[in-house]
Amino acid sequence: MNTIEVHDLTKKFGDFTAVDHISFEVTQGEVLGFLGANGAGKTTAMRMLCGLSKPTSGWGRVAGFDITREPEEIKKKIGYMSQKFSLYEDLKVWENIRLFAGIYGVDPKTIAHKTDSMLHRLGFYAEKNALVKSLPPGWKQKLAFSVAILHEPKIVFLDEPTGGVDPVTRRQFWKLIYDAAQQGITVFVTTHYMDEAEYCHRISMMVDGRIEALGTPQQLKQQFQAASIDEVFRKSARQAQRNE
Amino acid sequence: MERKRQLSAFIKKEFRHIFRDRRSMLILLVMPIIQIILFGFAITTEVKNARVAVFDPSNDTATQHIINRINASEYFDIEYYPQQLESVNQLFQEGNIRLAILFTDHFEERLRHTGDAAVQLLADATDPNQAGMLVAYASNILAACQQEWMEEYAAPLQIVPEIRMLYNPQMKGAYNFVPGVMGLILMLICAMMTSIAIVREKEMGTMEVLLASPMRPGYLIFSKVVPYFSLSMVNLMTILFLSVFVLGVPVSGSLFWLLIASFLFITVALSLGILISTIVRTQVAAMLISGMALMMPVMLLSGMIFPVENMPLLLQLLSHAVPAKWFILSVKKLMIQGLPVHYVRKEFGILAFMAILFISVSIKNFKVRLT
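Residues numbered from 1 in each chain as written. Chains lettered and ligands numbered in written order. Predicted model: local features only at pLDDT ≥ 70, side-chain atom pairs only at ≥ 80, totals over all residues.

Asker: Which residues make up the overall build of chain A, and what values go with them?
Answerer: Regarding its fold elements, chain A presents 9 helices and 10 strands. What you see for chain A is a C-alpha radius of gyration of 18 Å, in line with the 18 Å of a compact globule of 244 residues. For chain A, the spread of C-alpha atoms along the three principal axes comes to 50 × 40 × 35 Å. Every one of the 244 residues in chain A was classed for burial, and the buried ones make up 46%. Taking as baseline every contact in chain A between residues at least 6 positions apart, the subset at least 24 positions apart corresponds to 68%. (Helix = DSSP H or I, 4+ residues; strand = E, 2+ residues; numbered from the N terminus. Rg over C-alpha atoms; globule rule 2.2 N^0.38 Å. Buried ≥ 20, exposed ≤ 12 C-beta atoms within 10 Å, placed from the backbone. Contact = placed C-beta atoms within 7 Å.)

Dropping the structure here:
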């Protein structure tokens, strides 16, 4: 079953075409890596899928809803986390969980129960009453991800979720991503780290607003005759006309 | 149900932000107290071309002489010659005059025959500094006239000015700055704090996450506004309490309408804060804009410190656009002069218009940003 379907999706800002007729599908429980240089159009594409920005042309369905006509329905069915944001620093761990669960309309009893089981699973139960700013960066990231999927969304969008995090924590973070995918949550992730891209089920390589390549890491390496995703990235980015 | 959960979760969060930042909260709560105490003492003002009404039932050469001398002075412009004493009162209430000079009848006759003649000076002392100066200037002119006549007739004669300070008989400075501080504090908390609180979310990137959630922007802004609205209420009460029980400035008019005036002004200030937050991207910019574009005009152009009457025409016109000016005017009328509410119809109308204007522009700006 496809949770994301996009056909000829295009976004123009004046004369500038940020996203240029992209088409793809993502199935339930899949981890799709969305790669591209800065300014390649990743963020714009992701914003359209989240209902934050209206496409200029083309259509798309996310979680079964039309991205142009039903963005409010989509917002209920997705989770979102970005590198820039890892929770409110001046709120306690449980307060952050409570807030986001509340925004997604989870009822208070379920919140209390889920908060405890989530914190046990992450091993932060002792920090339930700690302010988020007192946690190490890696913990914040893991917590932010868990909060983003607390309301059991169909899809979770991760915008460079592991920026500035050490490799060990990054691996732990990816374990959480796999767990979520196993539960049937589709994961749509943009990243800078090419080693991380290898963990994705499929990778989309964006250049100048177009999807230059899309496939499993294995397929892409064959297509570009490259030893690693990093090399695939460099080879495809070489064709770019745009500067940053 | 879901909407209610969203709102309550979000409003709680906003209160937590405020309560957790102890230092800022302390400043917000203590500032009105300090300002009320500080502003009372340091301010003097100079008065020029104050509007004056003269009630002259004698209309003889002596009164004409005094009137001419007063009119010639740069401090006074005689604008009204009411025929009845009652209309003097009305001129004061409508804020048309600062000073009224009331002669007795048969002024010259009394001056020559009994050697004393009475004249009454009435001043609007809602601004006590101004009133005090106006009365002093007028008394000087009267004394000068008396001196001339004494030399001319070589006989002792006396003009006895009787002075009355309207609305503020003890000439308390507090009567003037209480409305000013109310305007300043409410503007500061509502506009500056609200704009900073919204822009902080943009700057930290949390706005993006919130916009990707089912939380509607209108609810989001509403939740931001609630805590600052409550804080303003606390401050409003502090200021009123201090002014009544510590400074001895009574609420002469209707407390109900005074609160309505404050609600109106708070609404204007909150919508200005929201408007600013739709324009700027960083907290520093929000602070600068609210500081420069809101606080300074409140201090300088609202009539709180400097009388707007003496400013160049351009600044006088500009002062009409300062919401605090209209709020301060209505507080003066409602709280200090104790006038009934129909005297502030104009001020209420202008404030309501400003609120609607700012809210519609913010909504428009917000939508533009989203697409």
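We are not done yet, so read on.
Asker: Can you tell me about the overall build of chain B, naming the residues and giving the values?
Answerer: Tallying secondary structure elements over chain B gives 14 helices and 5 strands in all. Looking at the 371 residues of chain B, the share that counts as buried comes to 40%. Considering only residue pairs separated by 6 or more positions, chain B has 79% of its internal contacts joining residues 24 or more positions apart.

Asker: Let's hear about helix H13 (residues 323-336) of chain B: which residues, and what values?
Answerer: Taking 1.5 Å as the rise per residue, H13 of chain B with 14 residues should run 20 Å; its terminal C-alpha atoms sit 19 Å apart, in good agreement. The positive-phi residue at the C-terminal boundary of H13 of chain B is Gly 338 of chain B, with phi of around 65°. (Expected span 1.5 Å × (residues − 1).)

Asker: Would you mind going over the domain arrangement of chain B in detail, with residue names and values included?
Answerer: A common way to express how large an interface is: the accessible area buried when the components associate. All names here are of chain B. Along its sequence, chain B is carved into domain 1 (2-40 + 173-370) and domain 2 (50-166). The distance between the C-alpha centroids of domain 1 and domain 2 comes to 42 Å. Counting residues at the interface gives 9 residues for domain 1 and 5 residues for domain 2. Where the side of domain 1 that touches domain 2 is concerned, the elements lending two or more residues are helix H7 (174-204) and H13. In the side of domain 1 that touches domain 2, the residues fall into 5 nonpolar, 3 polar and 1 charged. (Domains from an automatic or database assignment. Nonpolar A, V, L, I, M, F, W, Y, C, P; charged D, E, K, R; others polar.)

Asker: Outline the interface of chain B and chain A, listing residues and values.
Answerer: Across the boundary between the two partners, chain B contributes 22 residues, which contact 20 residues of chain A. When the residues that make up the side of chain B that touches chain A are grouped by side-chain class, the tally is 8 nonpolar, 7 polar and 7 charged.

Asker: Account for helix H6 (residues 167-182) of chain A, with residues named and values stated.
Answerer: Residues and elements named next belong to chain A. Here H6 is 16 residues long and its end C-alpha atoms lie 22 Å apart, about the 22 Å a rise of 1.5 Å per residue gives. Considered for burial, the residues of H6 that qualify are Arg 170, Ile 177 and Ala 180. The buried side chains of H6 occupy one side of the element, clustering within an arc of 70° when seen end-on. Those residues of H6 that are exposed and angled more than 90 degrees off the buried face are Val 168, Lys 175 and Gln 182. Of the surrounding elements, those touching the buried residues of H6 are strand E3 (31-36), strand E7 (155-159), strand E8 (186-190) and helix H7 (194-197). Just past H6, the residue Gly 184 takes up positive phi, approximately 100°. (Arc of directions from axis to C-beta.)

Asker: So what's going on with the confidence of the model for chain B? Residues and values would help.
Answerer: As a note on interpretation, predicted positions should not be read in detail where pLDDT is low. All names here are of chain B. Mean pLDDT over chain B stands at 83; residues scoring 70 or higher make up 94%. Of all helices and strands in chain B, the one with the weakest mean pLDDT is strand E5 (residues 158-166) (74), whereas helix H10 (residues 255-279) scores best (91). Of the two predicted TM-score estimates for the complex, the pTM is 0.74 and the ipTM is 0.84. (pLDDT = per-residue confidence, 0-100.)

Asker: Describe the sheet that holds strand E9 (residues 202-207) of chain A, with residues and values.
Answerer: All names here are of chain A. Ordered in space as E6-E7-E8-E3-E9-E10, the 6 strands form an open sheet in which the pairing is mixed. Across the chains shown, the open sheet's two edge strands, defined by having one partner strand only, are strand E6 (78-82) and strand E10 (210-215). The mean angle between the axes of side-by-side strands here comes to 15°, regardless of whether they run parallel or antiparallel. As paired strands, E9 and E10 are joined by 5 bridges and run antiparallel to one another. Bridge pairing in E10 places Met 205 opposite Ala 213. Packing against the sheet, helix H5 (residues 137-148) makes contact with E6 and E7, and its axis sits at approximately 160° to E6. Most of the contacts of helix H9 (residues 229-237) go to E9, to which it runs at about 25°, and overall it touches E3, E9 and E10. (Pairing = 2+ DSSP bridges. Axes fitted to C-alpha atoms, helices over the stretch in contact; angles between N-to-C directions.)

Asker: Outline the sheet that holds strand E5 (residues 65-66) of chain A, supporting the account with residue identities and numerical values.
Answerer: Residues and elements named next belong to chain A. Spatially, E2-E1-E4-E5 is the arrangement adopted by the 4 strands of the open sheet, whose pairing is antiparallel. The open sheet terminates on both sides in strands that have one partner only, identified here as strand E2 (16-27) and E5. Where strand E4 (residues 57-62) meets E5, 2 bridges bridge the pair, whose relative direction is antiparallel. If you follow Val 62 over to E5, its bridge partner there is Phe 65.

Asker: Give a detailed account of the packing of helix H9 (residues 217-246) of chain B against H10 of chain B, specifying residues and quantitative values.
Answerer: Residues and elements named next belong to chain B. In contact at an axis separation of 11 Å, H9 and H10 are set at 140° when each is read in the N-to-C sense. Comparing the axis directions of H9 and H10 gives the class oblique. Pair H9 / H10 crosses with right-handed handedness. Contacts between H9 and H10 involve Ile 221, Val 225, Tyr 228, Phe 229, Ser 232 and Leu 236 from the former and Ser 262, Ile 266, Leu 270 and Ile 274 from the latter. Residue classes in the contact of H9 with H10 are distributed as 8 nonpolar, 2 polar and no charged. (Parallel < 35°, antiparallel > 145°, perpendicular 65-115°, else oblique. Left-handed = near helix turned anticlockwise from the far one by under 90°.)

Asker: Could you give me a rundown of the pairing of strand E1 (residues 50-55) of chain B, with the residues and numbers involved?
Answerer: Residue and element names in this part refer to chain B. Most of E1 is tucked away, with 5 of its 6 residues classed as buried. Bridge count between E1 and strand E2 (residues 76-80): 4 bridges; the pairing is parallel. Directly across from Ala 50, in E2, lies its bridge partner Phe 76. Regarding topology, helix H3 (residues 61-72) serves as the crossover connection from E1 to the parallel E2, and that connection is right-handed. (Right-handed = clockwise from strand over helix to strand, strands pointing away.)

Asker: For the environment of Ala 118 of chain B, give the residues involved together with the corresponding values.
Answerer: Residues and elements named next belong to chain B. Positionally, Ala 118 belongs in strand E4 (residues 116-124). You can call Ala 118 partly exposed: it has 15 C-beta atoms within 10 Å. Remark: the alpha-carbon pair of Ala 118 and Thr 104, spanning 14 residues in sequence, is separated by 6.2 Å. Apart from residues no more than four positions distant in its own chain, Ala 118 is found in contact with Thr 104, Val 160 and Glu 162.

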